[in-house]
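Descriptive structure summary
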Number of protein chains: 2
Amino acid sequence: MLERHEVEAFLTLAEELHFGRTAERLRVSTARISQTIAKPERRTGIPLFERTSRRVELTAAGRRLYEGVRPAWDQITGAFEQAVASGRGLTGTLRVAFVPFEDAPPLRWGLLWRADNATARLRAFAEAAHDLAGTA
Amino acid sequence: MLERHEVEAFLTLAEELHFGRTAERLRVSTARISQTIAKPERRTGIPLFERTSRRVELTAAGRRLYEGVRPAWDQITGAFEQAVASGRGLTGTLRVAFVPFEDAPPLRWGLLWRADNATARLRAFAEAAHDLAGTA
DNA sequence: TGTTGTTACGGGATCCGTAAGCATG
DNA sequence: CATGCTTACGGATCCCGTAACAACA
């Protein structure tokens, strides 16, 4: 089965037919798109795209897969966003700061976390924000 | 958005309403199911299940999400399996052996790999076999 | 020859199982 | 008090970006 990031890369590349633009839309490197597309192709033995360094097009199998997956994927993302939207009761603005040293000056607003494990916390926050906002 | 394994855990638990049976069906530990369910709940702030150590039931949001996701997920898995099935030309049986030492007796059938990186190769093989067979 | 897709490689995050903890009926 | 969900922890895997490489027009 396809992973979530594989589905997103596949659908985006099927629409853009260009690795660079796909990477840009998905905010990752083109190298990652290349490998993310190649992995399920190698796993199944089924090429989804025919590409040279100048042209990218869907194979017949790739086109059928796209047509089968695209509407269902929209359905799933829609159901998820609706669940999140209907589940939250109040709306507002949250400001967040990361303080890289211990004796930083106090803040007057928002949350304050110590910098321990800062990247992990920032990542978790970004994920939650993404889900709650419905946008990147 | 939900990861692939999160979707599968959610759908299975929504049907079984039991962490142990869900883990069994998905061939993972119950501890993993617990964390896999908890993670999107914490990420979004929306409980999907109401559970004690004696009872598991869907919340209202969980039920709506299930109804929105279940048919679309079947659609995606079906499209993927169909792409794989239509993409393979010949069918047959493949037997595979892993030989843990260098001068093992020769085999008369199937593939033979050295034991270098055996777990990685076995994993890759299992993934490919899963996709090609459409079963566990 | 420049643009675009691929391969190599190292680091960080995450998934996973085992084992211990805890709570419900 | 026994079943069953959760938390703690260590290890393997995988995702990701940077950088070097390859190939097409």
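For chain A, the name recorded in an unreviewed UniProt entry is DNA-binding transcriptional LysR family regulator, with Streptosporangium sandarakinum as its organism. Quoted straight from UniProt, the Sequence similarities (unreviewed entry) entry for chain A says "Belongs to the LysR transcriptional regulatory family."

Of the regular secondary structure elements, chain A holds five helices and four strands. What you see in chain A, going N to C, is helices and strands ordered as α-α-α-β-β-α-β-β-α. Within the span of chain A, comprising 136 residues, buried residues form 33% of the whole. Taking the intrachain contacts of chain A between residues at least 6 apart in sequence as the baseline, contacts between residues at least 24 apart amount to 43%.

Per the stated rule, a full pass over the model turns up 20 salt bridges over all chains. Here Arg4(B) ties to Glu3(A) by a salt bridge, and the two come within 2.6 Å at their closest N and O atoms. With Arg4(B) in helix α1 (residues 4–16) and Glu3(A) in the segment before α1 (4–16), this pair bridges two chains. Taking relative accessible area as the criterion, Arg4(B) reaches 23% and is therefore assigned partly exposed. Within this structure, Glu15(A), Glu16(A), Arg21(A), Arg25(A), Arg70(A) and Asp74(A) form a network of salt bridges that share partners.

The sites that UniProt annotates as "domain: HTH lysR-type" (unreviewed entry) are residues 1–59 of chain A. Spanning residues 1–59 of chain A, this segment combines 61% helix with 10% strand, and its end C-alpha atoms are found 19 Å apart.

Size of an interface: often given as the accessible area lost when the parts come together. Tallying the contact residues gives 26 residues for chain A and 26 residues for chain B. With both chains or domains summed, chain A and chain B bury close to 2,800 Å², and 69% of this area falls on carbon and sulfur atoms. The tally of links from chain A across to chain B stands at two salt bridges. Taken together, chain A and chain B are joined by six residue pairs in polar contact (both at pLDDT 80 or more). With 15 residues, the single largest contributor to the side of chain A that touches chain B is helix α4 (residues 60–87) of chain A. Residue composition of the side of chain A that touches chain B, by class: 14 nonpolar, six polar and six charged.

All names here are of chain B. Along the polypeptide, Thr59 turns up in the loop between β2 (56–58) and α4 (60–87). Judged by relative accessible area, which is 12%, Thr59 ranks as buried. Here Pro47 takes part through its backbone oxygen, which lies 2.9 Å from a polar atom of the side chain of Thr59. Apart from the residues within four sequence positions on either side, Thr59 is in contact with Pro47, Leu48, Phe49 and Glu50.

Turning next to α4(A). In a regular helix each residue adds 1.5 Å, so 28 residues correspond to 40 Å; α4(A) covers 41 Å between its end C-alpha atoms and thus fits that length. Bending of α4(A) peaks at approximately 30 degrees at the position of Val69(A), with proline Pro71(A) no more than four residues after it.

Of all hydrophobic cores here, the largest spans 56 residues; its most connected members are Phe10(A), Phe49(A), Leu65(A), Phe10(B), Phe49(B) and Leu65(B). Ignoring any residue separated from it by four or fewer positions in sequence, one finds Leu65(A) in contact with Leu2(A), Phe10(A), Leu48(A), Ala79(B), Phe80(B) and Ala83(B).

The next thing to look at is unusual backbone geometry. Phi at Arg27(A) takes a positive value of approximately 60 degrees, unusual for a residue other than glycine. Residue placement: Arg27(A) occurs in the loop between α2 (19–26) and α3 (30–44).

Enumeration over the complete set of coordinates arrives at five cavities of 30 Å³ or more. Volume-wise, the largest cavity comes out at about 90 Å³. As for the largest cavity, its lining consists of 13 residues, and the residues nearest its centre are Arg4(A), Trp73(A), Arg4(B), Val7(B) and Trp73(B). Of all the elements in the fold, those that place two or more residues in the lining of the largest cavity are α1 and α4 of chain A together with α1 and α4 of chain B. For the lining of the largest cavity, the per-class residue count stands at ten nonpolar, no polar and three charged.

What counts as what
Residues numbered from 1 in each chain as written. Chains lettered and ligands numbered in written order. Predicted model: local features only at pLDDT ≥ 70, side-chain atom pairs only at ≥ 80, totals over all residues. Heavy atoms only, no water. UniProt positions renumbered as here; feature names shortened; annotations may be inferred. Helix = DSSP H or I, 4+ residues; strand = E, 2+ residues; numbered from the N terminus. Buried < 20%, exposed > 50% of the residue type's maximum accessible area, 1.4 Å probe, protein only. Contact = heavy atoms within 4.5 Å. Salt bridge = Lys/Arg side-chain N within 4 Å of Asp/Glu carboxyl O. Buried area = accessible area lost by both parts, 1.4 Å probe. Polar contact = N/O pair within 3.5 Å; in protein donor to acceptor, adjacent residues only side chain to side chain. Nonpolar A, V, L, I, M, F, W, Y, C, P; charged D, E, K, R; others polar. Expected span 1.5 Å × (residues − 1). Bend = angle between axes of the 7 residues up to and from the residue. Core = buried A, V, L, I, M, F, W, Y, C linked by side-chain atoms within 4.5 Å. 1 Å grid on protein atoms, 1.4 Å probe; cavity = no way out; pocket = protein on both sides within 12 Å on 5 of 7 lines; lining within 4 Å. Points joined across faces, edges and corners; volume = space filled by probe spheres on them.

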